[in-house]
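Close look at the chain arrangement
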Amino acid sequence: MASTLQTYRSQLHHFIDWTGEANASSIVDLDRELAEDYLHHLRQRGLRIPGRWSTLRGFGRWLVQTERLLQSPFEDIVLGRRFTASRLRS
């Protein structure tokens, strides 16, 4: 069984690999639109979202605390029925 740290690392690596495919070349490219696109990517692949999203929210808080970003792109996105897929890019 994987440790929590290994799980976080794996989830962050998955996100970072995906951002490369989405042409995000640096941390400053992380924004709400990119975060919503990633959520859509997870849903399309049938991957479990809550744990991954928790990891990304923690990563976003860290980016703000270390002054790499002014605002976390993950914080105000609500998972569940209130999330509107129509806001995503095709």
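Here, the structure is the one placed above.
We now turn to the structure provided with this report. Given the structure is predicted, the values throughout are model-derived calculations rather than measurements. (Residues numbered from 1 in each chain as written. Predicted model: local features only at pLDDT ≥ 70, side-chain atom pairs only at ≥ 80, totals over all residues. Heavy atoms only, no water.)

Describing unusual backbone geometry
Here Asn23, not a glycine, exhibits a phi torsion of approximately 65°, which is positive. Considering the arrangement of structural elements, one finds Asn23 in the loop between α1 (4-21) and α2 (32-44). Among the residues examined, Asn23 registers a relative accessible area of 68% and is labelled exposed. Located in the positive-phi region is Glu67, a residue other than glycine, with phi close to 60°. When you line up the elements, Glu67 lands in the segment after α3 (50-65). Residue Glu67 is classed as exposed on the basis of its relative accessible area, which comes to 71%. (Helix = DSSP H or I, 4+ residues; strand = E, 2+ residues; numbered from the N terminus. Buried < 20%, exposed > 50% of the residue type's maximum accessible area, 1.4 Å probe, protein only.)

Quick notes on the pattern of salt bridges
Oppositely charged side chains can form a pair if their charged atoms are brought close together. The full count for this structure, using the stated rule, is four salt bridges. Where Glu36 meets Arg32, a salt bridge forms, and the shortest distance between an N and an O atom there is 3.0 Å. A residue pair is termed a helical-turn pair when its members lie 3 or 4 positions apart in one helix, as Glu36 and Arg32 do in helix α2 at four residues. Of the residues examined, Arg32 reaches a relative accessible area of 26% and is grouped as partly exposed. One network of salt bridges, with partners in common, ties together Arg32, Glu36 and Asp76. (Salt bridge = Lys/Arg side-chain N within 4 Å of Asp/Glu carboxyl O.)

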